Amino acid sequence: MGTLAIRLTGAARVFSTGNGRVPAFSGLDLEVRRGEVHALLGPSGCGKSTLLRILAGLDHLSAGELTLPRHSDGRPAAGIVLQDAHLLPWLTVADNVALGLRYRANRAVAAGRVDELLEVLGLAELADALPAELSGGQAQRVAIARTMLVAPPLLLLDEPFAALDPLTRRDLQDWLLRVRDLLDLTIVLVTHDVDEAIHLGDRVTLLRGGSRGTVGTWDTREVDRNSEVLAATRHDLLARYAATSDEPSTVVPGPPLGTNGGGRLAPVAAR
Ligand SMILES: Nc1ncnc2c1ncn2[C@@H]1O[C@H](COP(=O)(O)OP(=O)(O)OP(=O)(O)O)[C@@H](O)[C@H]1O
Ligand SMILES: [Mg+2]
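Everything numeric here is computed off the predicted structure, so don't read it as measured data. Going along each chain's sequence as written, the residues are numbered from 1 onward. The naming scheme follows written order: chains are lettered A onward, ligands numbered 1 onward. Local features are withheld for residues below a pLDDT of 70 in this predicted model, meaning they are given only at 70 or higher, and side-chain atom pairs are given and counted only at 80 or more; totals for whole chains, interfaces and linings count all residues.

**Student:** Help me understand the sheet that holds strand S3 (residues 37-41) in this model?
**Tutor:** Two strands in a sheet stick together by hydrogen bonds in their backbones, pointing the same way (parallel) or opposite ways (antiparallel). A pair of strands is labelled paired if DSSP reports no fewer than 2 bridges between them. Numbering of helices and strands starts at the N terminus; helices are DSSP runs of H or I of at least 4 residues and strands are runs of E of at least 2. An order of S5-S6-S7-S3-S8-S9 is seen for the six strands of this open sheet, with the pairing classed as mixed. Looking at strand neighbours, the two that pair on one side only are strand S5 (78-81) and strand S9 (214-219), the edges of this open sheet. This sheet shows a mean twist of 15 degrees between the axes of neighbouring strands, independent of strand direction. Two strands pair when backbone bridges link them, and S5 and strand S6 (residues 154-158) are joined in this way by four bridges, in the parallel orientation. Residue pairing for S6: Ala78 is matched across the bridge by Leu154. The contact rule is simple: place each C-beta atom from the backbone, and if two of them lie within 7 Å, those residues are in contact. Whenever a helix is involved, its axis is fitted only over the stretch in contact; in every case the axis is a line through C-alpha atoms, and angles between N-to-C directions fall within 0 to 180 degrees. Sitting on the sheet, helix H1 (residues 48-55) touches S3, S5, S6, strand S7 (186-190) and strand S8 (203-207), and the angle it makes with S7 is about 155 degrees.

Below, the structure written as structure tokens:
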């Protein structure tokens with residue numbers, strides 16, 4: 001750890017809507033260290049999914065600079081698990097999970113690992129099932145397994161465990177940490193769950209959304225080991241999270257921005 005995997009400087013994504021130009025976020029600075037799990041917390045609508053999509057190369061910044069690992073053709077070297085599983089309906093669970101291997105074999109992951117992953121995820125009995133036969137939580141686990149198997153250096157997870165029951169969620173959280181160590185992944189994890197952020201995150205950043213940047217970044221690596229520190233960190237994060245959720249959203253008056261980004265935004269004061 002120590003070197004940076006991601007650096008965002010003065011980053012903004014502004015959408016043109018009927019109400020004017022609405023920043024999902026702006027003035028955002030963020031650094032993710034190589035090999036860490038960096039949890040992103042923040043109220044609904046503060047731009048977490050938008051930021052993750054940009055990190056995956058599925059969307060673009062309106063302003064600011066982004067450095068992250070890239071393939072030789074410029075695409076971000078990142079795998080993303082979205083809130084929806086997006087499984088191919090005509091393939092079985094096992095074939096959906098194995099799909100990534102057809103495109104990018106990783107030596108650390110043997111083909112036999114499909115069976116192991118399905119076992120760990122409690123999906124072994126569903127290996128021959130089709131996506132239409134799965135619950136939402138089961139489908140999401142298949143999606144996580146599929147992305148894990150491809151093992152990109154940068155893994156982007158958008159509330160991947162939100163649909164799972166608490167016991168399965170804790171199993172998967174610990175499994176995720178083991179996989180991170182095994183495959184030397186850098187993980188950016190979006191979650192609404194403060195406890196999940198503290199448990200999984202080496203560091204936790206609380207986003208504010210609009211043009212308000214971040215509240216701050218907490219170092220949570222050793223927090224789990226000391227119950228007093230854990231309680232204090234949890235209390236601090238929850239209080240700041242609640243305060244952030246009460247802040248009004250921001251609309252920037254003026255003409256719509258072009259969709260190709262590039263121009264630097266004028267600083268905008270929060271209302
Ligand atoms: N394509 C789009 N066009 C216009 N506005 C958009 C678009 N995508 C996102 N937004 C807006 O950007 C803001 C951030 O959305 P985003 O989905 O990133 O929030 P989020 O933090 O992931 O929320 P949640 O926690 O509910 O998933 C919201 O106000 C949303 O309405
Ligand atoms: Mg979201």
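**Student:** Explanation requested: unusual backbone geometry in the structure shown.
**Tutor:** Excluding glycine, most residues fall at negative phi; most peptide bonds, likewise, are trans. Notably, Glu159 is not glycine yet its phi reads approximately 45 degrees, a positive angle. You can see Glu159 is positioned in the loop between S6 and helix H5 (166-183).

**Student:** Even after reading the chapter, I still don't get the site of ligand 1, so can you show me in this structure?
**Tutor:** Residues in contact with ligand 1, as listed here, are Phe15, Thr17, Ala24, Gly42, Ser44, Gly45, Cys46, Gly47, Lys48, Ser49 and Thr50. If one sorts the elements of the shell around ligand 1 by residue count, H1 sits on top with three residues. Residues are grouped as follows: nonpolar covers Ala, Val, Leu, Ile, Met, Phe, Trp, Tyr, Cys and Pro; charged covers Asp, Glu, Lys and Arg; every other residue, Gly included, is treated as polar. Residues belonging to the shell around ligand 1 are distributed by class as follows: three nonpolar, seven polar and one charged. Any residue whose C-beta atom, as placed from the backbone, lies within 6 Å of a molecule or strand is termed near it.

**Student:** So what exactly am I meant to see when it comes to the environment of Leu52 here?
**Tutor:** As for its position among the elements, Leu52 is in helix H1. Through-space distance from the C-alpha of Leu52 to that of Val81 is 9.7 Å; in sequence the pair is 29 residues apart. Residue contacts for Leu52: discarding those within four places in its chain leaves Ile80, Leu156, Asp158, Val188 and Val190.

**Student:** Explain the pairing of strand S1 (residues 4-17) here, please?
**Tutor:** It is a general feature of regular strands that their side chains alternate between the two faces of the sheet. Pairing of S1 with strand S2 (residues 20-33), which is carried by 10 bridges, proceeds in the antiparallel orientation. Each residue of the ladder has a partner; that of Arg13, found in S2, is Phe25. What sits between the antiparallel neighbours S1 and S2 is a turn of two residues. Both S1 and strand S4 (residues 63-67) contribute to a ladder of four bridges, which runs antiparallel.

**Student:** Sorry if this is basic, but what is going on with the environment of Asp158 here?
**Tutor:** The topology assignment puts Asp158 in strand S6. For every residue, the other C-beta atoms within 10 Å of its own C-beta are counted; 20 or more classify it as buried, 12 or fewer as exposed, and values in between as partly exposed. C-beta atoms are placed from the backbone. Since 21 C-beta atoms lie within 10 Å of it, Asp158 is described here as buried. Expressed as a C-alpha distance, the spacing of Asp158 and Val188, which sit 30 residues apart in the sequence, is 8.4 Å.

**Student:** Honestly, the environment of Leu123 in this entry has me stumped. Any pointers?
**Tutor:** With respect to the helices and strands, the residue Leu123 is situated in the loop between helix H3 (113-120) and helix H4 (136-150). With 15 residues separating them in the primary sequence, Leu123 and Gln138 have C-alpha atoms 7.5 Å apart.

**Student:** Explanation requested: the nonpolar core in the structure shown.
**Tutor:** Considering soluble globular proteins, one finds that nonpolar side chains tend to be buried as a cluster. The term nonpolar core refers to a set of buried Ala, Val, Leu, Ile, Met, Phe, Trp, Tyr and Cys residues connected through C-beta atoms within 7 Å. Core analysis: the largest hydrophobic core is formed by 65 residues, its most contacted members being Leu55, Val97, Leu156 and Leu189. When residues in this core are grouped by element, the largest group, seven residues, is from H4.

**Student:** I'm lost on the sheet that holds S1 in this one. Help?
**Tutor:** Taken in spatial order, the three strands of this open sheet run S2-S1-S4, and their pairing is antiparallel. The open sheet terminates on both sides in strands that have one partner only, identified here as S2 and S4. Adjacent strand axes in the sheet meet at a mean angle of 20 degrees when their direction is disregarded.

**Student:** What am I meant to see in the confidence of the model for the protein here?
**Tutor:** Atomic detail in the predicted coordinates should be set aside for any region of low pLDDT. A residue-level look at the protein finds 83% of positions with pLDDT of 70 or above and a mean pLDDT of 80. For every residue, the predictor reports its confidence as pLDDT, a number between 0 and 100. Throughout residues 105-109 the model reports pLDDT below 50, and contacts reaching past four residues in sequence, or to other chains, amount to seven contacts. In this model residues 250-271 is a low-confidence stretch, pLDDT under 50, and it forms 43 contacts with partners more than four residues away in sequence or in other chains.

**Student:** Would you explain H1 in this entry?
**Tutor:** At 3.6 residues per turn, the α-helix brings residues three or four places apart onto the same side. Among the residues of H1, those classed as buried are Lys48, Leu51, Leu52, Ile54 and Leu55. Along the long axis of H1, the arc covered by the buried residues comes to 160 degrees, so they all point the same way. Gly57 sits one or two residues past H1 and shows a positive phi near 85 degrees. Picture the helix axis, draw a direction to every C-beta atom, and the arc is the one those directions span.

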